[in-house]
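Structural description and commentary
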Amino acid sequence: MKAIGFSGGPDHIAFPAVAPGLSPLFFHDAAAALAIDGEVLFAVEQERLSRQKHTNAFPVEALRACTAFGGLAPGEIDAFAFFFEEAYYDRSLQDDCRKLGLPAPPPVRQLLRERLSATFETEIADEKLFFINHHKAHALSAYRASGLNHALVLVVDGNGEDVSSSLFDARGGDLRLLTNHGAAHSLGHFFRLATKLGGFRDFEEYKFMGLAPYGDAAALQTGMMALFTPLADGGYELDLDGLTALAARHRVGGKSAGMPDRVTADFAAAAQALLERAVQHLLAPWVGRTGARALCLAGGVAQNCVMNARLARTEDFDTVFAYPAAYDAGAAIGAALAVSPPPRPAPCPTATATGAAYSAFLGPELERDAEIAAELERFGLLVEARPIAAPEERAAECLAEGEIIGFAAGRSEFGPRALGARSILADPRPKENWQRINLAIKQRESFRPFAPAALAEEATALFDTPDAALNLDHMTFVSRVRPVHQAQLGAVTHVDGSARLQTVAASSNPALYSLISAFKARTGCPVLLNTSFNNSHEPIVQSARDALRTFLTTELDCLFVGGFEVRKAGALIDHLPALRWRLDPWVEITKEDAEQVTLTRAGRYRTTLPAPLFAMLLEPEENGARGSQSPRQADQDQHQIADAVATLWRQRFIDVHHAC
């Protein structure tokens, strides 16, 4: 049985739009996953391939990557499974088109079948298309990945079809729904609203969570907890209107010295405390009724690693497995599993969620060195590269000398966390690395913390972890840095002494294990700072080209990509006449007049340029695209053009390469 599960919206730049103007939240985090006979072999998010963060585009590239990985013709796929029910998708798309003043869309079964057929350039039969309940897809993805036999499986998100949380009793590979809660009292919508009231944007709940330790929950506890009314059997009511009023009353959302002010931090801390209390209340009555001593977590709210750690520190569970792709991209895996036979043999009754049952390295392989060499040629005089026989050893040497590096090797991670295959790595000891990486490399808010990646056998000496068995190798729980080591690990210890720990074992992550071991041999420290390889304008890098582009548009010291060590060769302005650039395919010119030009990327990101500068930078090409002017134009004002090219490239409005 060969099945592909997928998530995402209906439109893509390759197709005429059915619903232009759809909210970025409409079936966001597009992805596709391949399962054969119930075993997940491959999964990739559309954003990694299209380079558009949190995209809700139809996952054309991700779907094609699934069949390419399996060496399969489209006709060999037995089932294509979408991660929501058909009736809900029909109703949602019709409602949104009506609100946008658009013509009524076709039935989604017809629409998706047409999209699949166009993607694969062959007719996909109607009987091969399936629609899966959203929370069932989430639950299956976490439960099957855990390797557990009996567990409670909790799904919490904004909403599935008409519910915002579902609790399942999972035994012997099967799921039985115990209870759910309606979307009107959604914990996911609560935390999203709190995030936006705090001055953040959509998809930035993780930033809001990271802000909470700077605040004092007690300062707003009375008002916040009054919004939550516990009911019998784990039920509850949540006053979202009251949340807005509370924020207005305390003037939440202000900034001080470039970061959220103290009352906003207090608001974040109080919201985090309410979320943790609500989830504990939801679970409490079902632990005794089911006899389950293990818990699996999925849904977007399960990306909250602080909440996960709080649940792990209760005495209710011996094992907690927080699915590393708990958000909607991960439901593509669950959709594929829903139409696949259960794996054989059945899960072992004594299995624990130690990470051994699930590898997050499900994405595409990095290119071979010959292909990487061709990419290096593409960037010409901007880089200097040399082949190296032992990348991990050489990378450890650079890290021990204080350099901050990009590291790309092997298959990429599926999910929002970089676990060593597409990572930025640094020495975790100097506290100044925290700010340097935030501001000069990641180009993001200064308050946000970084994760430690520690050798598994050394972790408990440095970190206070819960007694329950956890999948710590997936970076889905916070732990306490032991007080005696907090100063030593200054770049990875958050303001409250916590850290989102990743443990690294030789058996499951050999390359990163070797690198950290080599760093320890040079420094005595068995830990590295590990963060995702990207800047604030893009998703995590996937290919060698992505890695080179991010390296060249940040202040990383060095790049290790495949079997090469890469360094920068001078400033961009030094090589400007030898460079060419072109608008990214996802960029539209949404306003152009005599004074200014506005560019919009993927419907979400915007920038404005003076019209004369835009005319110097880009000219129409025969195919309708916009490409770089000839080198003589650059002589008019090289510094102005170099600065504009650097900014637009960093923000991913243009792509730059060597003229040859």
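None of these values were measured; they are calculated from a predicted model. (Residues numbered from 1 in each chain as written. Predicted model: local features only at pLDDT ≥ 70, side-chain atom pairs only at ≥ 80, totals over all residues. Heavy atoms only, no water.)

**Some thoughts on the overall build of the chain**
Secondary structure assignment for the chain yields 22 helices and 33 strands. Taking 2.2 N^0.38 as the reference for a compact globule, 660 residues should give roughly 26 Å; the C-alpha atoms of the chain span a radius of gyration of 25 Å, in line with that estimate. With the principal axes as the frame, the chain shows a C-alpha extent of 75 × 65 × 55 Å. Taken over 660 residues, the chain has a buried fraction of 58%. Nonlocal contacts in the chain, meaning residues at least 24 apart in sequence, comprise 71% of its contacts between residues at least 6 apart. Total accessible area computed for the chain in this model is approximately 24,600 Å², and 51% of it derives from carbon and sulfur atoms. Side chains of the chain give 62 positive and 79 negative charges; the mean places of these two sets differ by 3 Å. (Helix = DSSP H or I, 4+ residues; strand = E, 2+ residues; numbered from the N terminus. Rg over C-alpha atoms; globule rule 2.2 N^0.38 Å. Buried < 20%, exposed > 50% of the residue type's maximum accessible area, 1.4 Å probe, protein only. Contact = heavy atoms within 4.5 Å. Areas by Shrake-Rupley, 256 points an atom, 1.4 Å probe, with all protein chains shown as cover. Lys, Arg positive; Asp, Glu negative; His and termini not counted. Charge placed at Lys NZ, Arg CZ, Asp CG, Glu CD.)

**What to know about the packing of aromatic side chains**
Inspection of every chain in the model, using the stated rule, returns 25 aromatic pairs. Judged by centre distance (6.2 Å) and plane angle (70 degrees), the ring pair of Phe 200 and Phe 208 falls under edge-to-face. Residue classification places Phe 200 among the buried residues on the basis of a relative accessible area of 7%. Here a set of aromatic residues connected by ring pairs shows up, and it is made of Phe 6, Phe 15, Phe 26, Phe 27, Phe 58, Phe 82, Phe 83, Phe 84, Tyr 88, Tyr 89 and Phe 131. Taking NZ or CZ as reference, Arg 378 lies 6.0 Å from the ring centre of Phe 379, over its face. (Phe/Tyr/Trp six-rings, centres within 6.5 Å; stacked < 30°, edge-to-face > 60°. Lys NZ or Arg CZ within 6 Å of the ring centre and 35° of its normal.)

**Observations regarding the confidence of the model for the chain**
Per-residue confidence for the chain averages 92 on the pLDDT scale, and 95% of its residues sit at or above 70. The low-confidence segment residues 348-356, where pLDDT is below 50, has 23 contacts with residues more than four positions distant or belonging to other chains. (pLDDT = per-residue confidence, 0-100.)

**Considerations on the sheet that holds strand β19 (residues 463-464)**
Spatially, the three strands line up as an open sheet ordered β19-β21-β22, and their pairing is antiparallel. Each edge of the open sheet is held by one strand with a lone partner, namely β19 and β22 (498-499). Summarising the sheet, strand β21 (residues 479-481) and β22 pair through two bridges and their orientation is antiparallel. Opposite Ser 479, over in β22, you have Ala 499 as the bridge partner. (Pairing = 2+ DSSP bridges.)

**As for the side chain of Asp 328**
Relative to the helices and strands, Asp 328 is located in the loop between β14 (319-322) and α12 (331-338). Of the side chains with opposite charge, Arg 192 comes closest to the buried, unpaired Asp 328, at an N-O distance of 11 Å. Engagement of the side chain of Asp 328 in a polar contact is seen with the side chain of His 138, the distance being 3.2 Å. The contact partners of Asp 328, leaving out residues within four places of it in the chain, are Ser 7, His 28, Asp 29, Phe 83, His 134 and His 138. (Salt bridge = Lys/Arg side-chain N within 4 Å of Asp/Glu carboxyl O. Polar contact = N/O pair within 3.5 Å; in protein donor to acceptor, adjacent residues only side chain to side chain.)

**Let's talk about the nonpolar core**
The biggest cluster of nonpolar side chains holds 140 residues, and the ones touching the most others in it are Leu 152, Met 224, Phe 267, Trp 581 and Leu 617. The greatest single-element share of this core, amounting to 14 residues, is contributed by helix α10 (residues 262-290). Dropping the residues within four chain positions of it, Leu 152 is found in contact with Leu 167, Phe 168, Leu 178, Leu 283, Trp 286, Val 287, Thr 290, Ala 292, Ala 294, Leu 295, Cys 296 and Phe 317. Counting residues in each nonpolar core, the second largest holds 44 residues, with Phe 27, Leu 72, Ile 77 and Leu 112 among its members. (Core = buried A, V, L, I, M, F, W, Y, C linked by side-chain atoms within 4.5 Å.)

**Thoughts on helix α19 (residues 544-552)**
Of all nine residues in α19, eight are buried; the element is thus mostly enclosed. Considered for burial, the residues of α19 that qualify are Ala 544, Asp 546, Ala 547, Leu 548, Arg 549, Thr 550, Phe 551 and Leu 552.

**So, a negative patch on the surface**
A surface patch of like charges, here negative, comprises Glu 315, Asp 316, Asp 464 and Asp 467. Positionally, Asp 316 belongs in the loop between α11 (305-312) and β14. (Patch = residues over 30% accessible without salt bridge, like charges linked within 9 Å, V, L, I, M, F, W, Y side chains within 5 Å.)

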